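Here is what each chain is made of, one letter per residue.
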Amino acid sequence: HHHYAMNGAPHPAYGTIVGSGDNANILHYTQNSDVLKNGDLVLIDSGCELQGYAADITRTFPVNGKFNEQQAALYNIVLKAQEVAFEEIKPGGFMSHANKLAMEVLTQGLLDLGILTGDFDELMAQQACKDYYMHGLGHWLGLDVHDVGDYKINNVEREFEPGMVLTIEPGLYISEDSNAPQKYKGIGIRIEDNLL
Ligand SMILES: [Mn+2]
């Protein structure tokens with residue numbers, strides 16, 4: 001918030017989220033009052049408003065500066081999901097395609113770690129990764145952080161066009177009360193960027 005102000009942005013575009021450990025698994029955690037523990041990750045979802053326009057960025061990093069094995073494995077899955085989604089964000093692309101590509105990466109990653117078990121195609125059909133990725137891939141961004149604008153017109157999904165601005169924000173949230181193996185619990189990761 002200091003840097004926002006010092007760079008001419010009068011205020012954040014929305015309530016900043018700072019969640020460490022299991023708090024990162026609470027999607028709109030805004031209490032922001034817990035002690036950051038050695039060994040946990042901390043998730044910061046924050047964006048400034050500059051000249052009337054909102055930003056919406058999320059980064060997740062280790063409190064002590066070093067990922068452990070489980071945190072690194074999950075982080076790299078989310079990062080890869082974001083990178084494959086980026087490929088679809090261009091004129092003529094579709095959000096649903098980007099989301100499918102991201103979900104394929106998340107599903108395969110969770111399978112590889114043993115957090116999901118079963119057949120890949122069945123898990124995709126069931127959207128099984130949604131147990132650990134319980135929000136959309138992104139949203140329009142502009143004068144508001146969740147900006148106005150239709151995602152479908154006459155029930156047909158809109159193609160991306162030049163000038164559109166949106167967020168791409170895959171995540172994985174392995175809460176303490178999930179069915180995942182114990183060593184993955186208490187890890188919540190989101191990586192969010194803003195694309196024109
Ligand atoms: Mn967002």
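Calculation criteria
- Residues numbered from 1 in each chain as written.
- Predicted model: local features only at pLDDT ≥ 70, side-chain atom pairs only at ≥ 80, totals over all residues.
- Heavy atoms only, no water.
- Helix = DSSP H or I, 4+ residues; strand = E, 2+ residues; numbered from the N terminus.
- Rg over C-alpha atoms; globule rule 2.2 N^0.38 Å.
- Buried < 20%, exposed > 50% of the residue type's maximum accessible area, 1.4 Å probe, protein only.
- Contact = heavy atoms within 4.5 Å.
- Areas by Shrake-Rupley, 256 points an atom, 1.4 Å probe, with all protein chains shown as cover.
- Lys, Arg positive; Asp, Glu negative; His and termini not counted.
- Charge placed at Lys NZ, Arg CZ, Asp CG, Glu CD.
- Donors = N, O, S within 2.8 Å, 3.2 Å for Na, K, Ca; no water.

Draft legend 1. Layout of the overall build of the protein. Along the protein, the regular secondary structure elements total four helices and twelve strands. The C-alpha radius of gyration of the protein comes to 17 Å, within 12% of the 16 Å expected for a compact globule of 196 residues. Along the three orthogonal principal directions, the C-alpha set of the protein runs to about 45 × 40 × 25 Å. Every one of the 196 residues in the protein was classed for burial, and the buried ones make up 46%. Of the contacts made within the protein by residues no fewer than 6 positions apart, 64% connect residues no fewer than 24 positions apart. Carbon and sulfur atoms form 52% of the exposed surface of the protein, whose accessible area is close to 10400 Å². On the protein, the mean spot of the 12 positive side-chain charges and the mean spot of the 27 negative ones are 4 Å from each other.

Draft legend 2. Structural detail: the coordination of the manganese ion. Here the manganese ion is held by the protein donor atoms Asp56 (OD), His139 (NE2), Glu169 (OE) and Glu192 (OE), which lie 2.1 to 2.4 Å from it. Each donor residue of the manganese ion lies on the same chain, and together they follow the pattern D-x82-H-x29-E-x22-E. Within this pair, whereas His139 is found in the loop between helix H4 (120-126) and strand S7 (152-153), its partner Glu169 is found in the loop between strand S9 (166-168) and strand S10 (171-174), the two being separated by 30 residues in sequence. Grouping residues by exposure puts His139 and Glu169 together as buried.

Draft legend 3. Up close: unusual backbone geometry. Even without a glycine there, the phi angle at Asn32 is positive, about 50°. By secondary structure assignment, the location of Asn32 is in the loop between strand S2 (17-20) and strand S3 (41-46). Phi is positive for Asn154, which is not a glycine, with a value near 50°. The residue Asn154 is located in the loop between S7 and strand S8 (156-157) in this model.

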